[in-house]
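Remarks on the overall topology
Here is what each chain is made of, one letter per residue.
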Amino acid sequence: MRRKPSWAALEKAASERILIIDGAMGTMIQRHKLGEEHYRGERFADHSKDVKGNNDLLVLTQPKVIEDIHAEYLDAGADIIETNTFNAQRISLADYHMDEFGYEMNVAAAKLARRAADAATARTPEKPRFVAGAVGPTNRTASISPQVNDPAFRNVNFDELRDAYKEQVRGLIDGGADIILIETIFDTLNAKAAGFATLEVFEEKDLELPIMISGTITDRSGRTLSGQTAEAFWYSMRHLKPFSIGLNCALGAELMRPYIAELCHVADVRISAYPNAGLPNAMGEYDETPDDMACKVEPWLADGLINVIGGCCGSTPDHIAHIASHAKKHKPRTPTQLQPRLRLSGLEPFVHG
């Protein structure tokens, strides 16, 4: 199967330094204080349903806003920027009666990020930039019933997720993404559908991209929403042979560290982390300053836990710039060498031998 030339450049960069992934897209969009008319633009002025809050739509109606945000993160030191496609698949877009535009949004989003990344690379060719096609978890969960009185009920199944993700991944590849990033995973079954769909699209196109996987530990229990520990989650996903495994969202750096350390002990691939800028306050805002956040991830870097670092909710280009300034002082983690053993997972890991 063919590989894009950017794969070799990504491997080289990752062997030389800790890579920086960008920060929150939603936080930056909020700064623009866009109203319903901005989200609709001319094309969707007569759309039947309100669309404010559908941030993925902005790649079609406000492309300059999105491209400028990408440029800000690149100027702050990001090596990898994520496409604005977190909810750009037909399952989530159906809430806005926009499910038919999923493929188009992904192509447009990847092209915007590609243009910004290529412009930054042209300025500093010794530091290539990469586009990660962001594949979010959807707003449904295949493992858990949304109806407390009917535990067997599901509002989505594996094949529905798979089909939605295939359309999304096709768009991201056609738009020029270098990486497929399956992120903010709260339900491993959703992630398995995304991974399966991604591999199917690779076969269709005879083109393979690196896969990054990033889960979410939802609270101090140390588990995903569907109940897995970090180690069990990794064993569930390692068959995809990803470029990296890691965590993002839900927790700030201080609370995320033990689960990153857990992954470091068991994962024989690179480790990524992009925590929130602390925990939200009573108003839903994130109070951790760029310096605070950078100082909290510094020990991770010094202890050799990290290959890819960045920010999630509440983080800005200033946060990324501070993190980048700390990261350049440290070497990337060397993946753990594991003995061949039977490694299985349910909610807990099982290692035989």
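The text that follows walks through the structure, step by step, so that each part is easy to find. (Residues numbered from 1 in each chain as written. Predicted model: local features only at pLDDT ≥ 70, side-chain atom pairs only at ≥ 80, totals over all residues. Heavy atoms only, no water.)

Attention shifts here to the pairing of strand β11 (residues 342-345). Of the pairings in the sheet, the one linking β11 to strand β12 (residues 349-352) comprises four bridges and is antiparallel in character. Paired with R343 across the bridge in β12 is V351. In this antiparallel pair of consecutive strands, β11 and β12, the connection spans three residues. (Pairing = 2+ DSSP bridges. Helix = DSSP H or I, 4+ residues; strand = E, 2+ residues; numbered from the N terminus.)

Within the structure shown, the criterion is met by 28 salt bridges. Between R43 and E104 there is a salt bridge; the shortest N-O distance is 2.6 Å. Separated by 61 residues along the polypeptide, R43 in the loop between α3 (36-40) and α4 (58-61) and E104 in helix α7 (residues 102-123) bring together distant segments of the chain. Salt-bridge contacts for R223 lead to E348; the nearest nitrogen and oxygen are separated by 2.3 Å. With R223 in the loop between β7 (211-215) and α10 (230-237) and E348 in the loop between β11 and β12, this residue pair connects regions lying 125 residues apart in the sequence. The exposure class assigned to E348 is partly exposed, which follows from its relative accessible area of 43%. Shared partners join several salt bridges into a network, and the residues in it are D159, R162, K166, R170, E200 and E204. (Salt bridge = Lys/Arg side-chain N within 4 Å of Asp/Glu carboxyl O. Buried < 20%, exposed > 50% of the residue type's maximum accessible area, 1.4 Å probe, protein only.)

Here we come to unusual backbone geometry. Within the chain, C249 stands out as a residue other than glycine whose phi angle is a positive 65°. Tracing the sequence through the fold places C249 in strand β8 (residues 244-252). The phi dihedral of A250 falls on the positive side, at around 65°, and the residue is not glycine. Looking at the element boundaries, A250 is found in strand β8. Given a relative accessible area of 25%, A250 falls into the partly exposed group.

We now examine the sheet that holds strand β9 (residues 270-276). Within the open sheet, the eight strands sit side by side as β2-β10-β9-β8-β7-β5-β4-β3. Their pairing is parallel. Each edge of the open sheet carries a strand with a single partner, namely β2 (19-20) and β3 (80-82). With three bridges joining them, β3 and strand β4 (residues 130-135) adopt parallel strand pairing. When the bridges of β4 are listed, E82 appears paired with A132. Strands in contact with helix α8 (residues 158-175) are β4 and β5 (179-185); relative to β4, the strand with the most contacts, it is inclined by about 165°. (Contact = heavy atoms within 4.5 Å. Axes fitted to C-alpha atoms, helices over the stretch in contact; angles between N-to-C directions.)

As a volume, the largest pocket reaches approximately 930 Å³. In this structure, the largest pocket is lined by 41 residues; those nearest its centre are A24, M25, G26, T27 and N55. Of all the secondary structure elements, the ones that give two or more residues to the lining of the largest pocket are α2 (25-31), β5 and β8. The element best represented in the lining of the largest pocket is α2, accounting for six residues. Classifying every residue of the lining of the largest pocket by side-chain character gives 13 nonpolar, 19 polar and nine charged. In this structure, the second largest pocket is lined by 16 residues; those nearest its centre are W7, L199, E208, L240 and K241. (1 Å grid on protein atoms, 1.4 Å probe; cavity = no way out; pocket = protein on both sides within 12 Å on 5 of 7 lines; lining within 4 Å. Points joined across faces, edges and corners; volume = space filled by probe spheres on them. Nonpolar A, V, L, I, M, F, W, Y, C, P; charged D, E, K, R; others polar.)

Its place among the elements puts L34 in the loop between α2 and α3. The exposure class assigned to L34 is buried, which follows from its relative accessible area of 11%. Sequence separation of L34 and A113 is 79 residues, and the distance between their C-alpha atoms is 20 Å. Residues in contact with L34, not counting those within four places in the same chain, are I29, Y39, K52 and L58.

Let us look at the nonpolar core. With 92 residues, the main nonpolar core has I180, I245, I260, W300, I306 and I309 as its most contacted residues. Sorting elements by how many residues they give to this core places α7 first, with eight residues. Setting aside its immediate chain neighbours within four residues, I180 contacts G133, V135, V169, L172, I173, T198, F202, L209, P210, I211 and M212. Counting residues in each nonpolar core, the second largest holds 16 residues, with L10, I80, L181 and F243 among its members. (Core = buried A, V, L, I, M, F, W, Y, C linked by side-chain atoms within 4.5 Å.)

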